[in-house]
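Fold and contact review
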Amino acid sequence: MKITHRWLSILEGCILVALGLHILNSAGLLISGTAGAGMILLRLTDLSFGQLFFLLNLPFYILAWYTLGRDFTLRTFASVSLLSILSELMKYYAVLSIHPLLSATLGGLLVGFGLIILFRHNTSLGGLNILSVYLERKFNIHASKTTLIADIFVLIAAITFLDLTHLGLSLIAFVLLSSVVGRYHKPPKW
């Protein structure tokens, strides 16, 4: 039963994150970390978000394998793969038209709560989330701090692609995501 609960929770977390990312992407907004980098790279390549997200995460599995363990790495690989597939499906089956301010709010909150579910089941969505979990375990640095720093770097990179309105709305999504992770993420005793 415990295994079924874990994998259902991982599925639910990935669905929340995929929906949040889809809402943000439909309004031309960004989110933090590897997903934000993928959203920026969408403008530079013909690859889809799901493909970019999967590829960007490949190098981080080495860090996860050697520092966070085999089980965490395999669950993270499954979560990243699932999110990539869900993102592809939503692109084709969920057409959205939402005001950008509501997109920023809903997108940031959904991604934040999806990450909380994943963190509580000892998995992540790769990339900077792997780094966040590693820094939390090794140096007791709360995941929200690492997420906030990643947000700042994504915003700096996004300056060349987004106008001030979209940057401001993306910042709202970043703050909401970090706020949710900061308030609801309770690191377990590793």
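Scoring rules and cut-offs
Residues numbered from 1 in each chain as written. Predicted model: local features only at pLDDT ≥ 70, side-chain atom pairs only at ≥ 80, totals over all residues. Heavy atoms only, no water. Helix = DSSP H or I, 4+ residues; strand = E, 2+ residues; numbered from the N terminus. Buried < 20%, exposed > 50% of the residue type's maximum accessible area, 1.4 Å probe, protein only. Contact = heavy atoms within 4.5 Å. Areas by Shrake-Rupley, 256 points an atom, 1.4 Å probe, with all protein chains shown as cover. Lys, Arg positive; Asp, Glu negative; His and termini not counted. Charge placed at Lys NZ, Arg CZ, Asp CG, Glu CD. Expected span 1.5 Å × (residues − 1). Core = buried A, V, L, I, M, F, W, Y, C linked by side-chain atoms within 4.5 Å. Phe/Tyr/Trp six-rings, centres within 6.5 Å; stacked < 30°, edge-to-face > 60°. Salt bridge = Lys/Arg side-chain N within 4 Å of Asp/Glu carboxyl O. Patch = residues over 30% accessible without salt bridge, like charges linked within 9 Å, V, L, I, M, F, W, Y side chains within 5 Å. pLDDT = per-residue confidence, 0-100.

A short note on the overall build of the protein chain
Counting its regular elements, the protein chain contains nine helices and zero strands. Mapped in sequence order, the helices and strands of the protein chain form the string α-α-α-α-α-α-α-α-α. C-alpha extents for the protein chain along the principal axes are approximately 40 × 35 × 30 Å. Looking at the protein chain as a whole, 47% of its 190 residues qualify as buried. By sequence separation, contacts in the protein chain at least 24 residues apart represent 76% of the contacts at least 6 residues apart. Surface summary for the protein chain: the accessible area is close to 9,500 Å², and the carbon and sulfur share equals 70%. For the protein chain, the separation between the mean place of its 13 positive charges and that of its 7 negative charges on side chains is 13 Å.

Re helix α5 (residues 70–93)
If you check α5, its first and last C-alpha atoms are 34 Å apart, about what 24 residues at 1.5 Å a residue would give, namely 34 Å. Along α5, the residues classified as buried are F72, T73, R75, T76, S79, V80, S81, L83, S84, L86, S87 and M90. Elements that come into contact with the buried residues of α5 comprise α1 (2–26), α3 (49–57), α4 (60–67), α6 (100–120) and α7 (127–139).

A look at the nonpolar core
Formed by 45 residues in total, the largest nonpolar core has its most connected members in L21, L30, I31 and L125. The leading source of residues in this core is helix α9 (residues 164–184), at seven residues.

Let's talk about the packing of aromatic side chains
Following the criterion strictly, the structure yields four aromatic pairs and no others. Ring centres of F49 and F53 lie 5.6 Å apart, and the angle between their planes is 20°; this geometry places the pair in the stacked category. With F49 and F53 both in helix α3 and four residues apart, the pair spans about one turn of that helix. Each member of the pair, F49 as well as F53, is classed as buried. Members of the aromatic cluster, each reached through a chain of ring pairs, are F54, Y61 and F77.

Here's the deal with the pattern of salt bridges
Tallied over the entire structure, the rule returns two salt bridges. Here R70 makes a salt bridge to D71, at a shortest N to O gap of 3.0 Å. D71 gets classed as partly exposed once you look at its relative accessible area, which sits at 40%. Residues E88 and K91 are paired through a salt bridge, measuring 3.3 Å at the closest nitrogen-oxygen approach. Here the residue E88 and the residue K91 both occupy positions in helix α5, the gap between them amounting to three residues, near one helical turn. By relative accessible area, K91 is classed as partly exposed at 40%.

Concerning α6
Its 21 residues give α6 an end-to-end C-alpha distance of 30 Å, which sits within 8% of 30 Å, the value for a rise of 1.5 Å per residue. Among the residues of α6, S103, A104, G107, G108, L110, V111, G112, G114, L115, I116, L118 and F119 are the ones counted as buried. Just downstream of α6 lies N122, where phi reads positive at about 55°.

Brief notes about the side chain of R75
Within the fold, R75 resides in helix α5. In this structure, R75 is buried with no salt-bridge partner, the nearest side chain bearing the opposite charge being D71 at 4.8 Å. Leaving out residues up to four positions away in the same chain, R75 has contacts with R6, W7, I10, H121, N122 and T123.

Examining a nonpolar patch on the surface
On the surface, L148, I149, I152, F153, I156 and I159 cluster together into a nonpolar patch covering about 620 Å² of accessible area. Along the chain, the position of I156 falls in helix α8 (residues 143–158).

Side note on the confidence of the model for the protein chain
Confidence in the prediction for the protein chain averages 86 pLDDT; 96% of positions are at 70 or higher. Mean pLDDT across the secondary structure elements of the protein chain bottoms out at α8, with 78, and peaks at α6, with 94.

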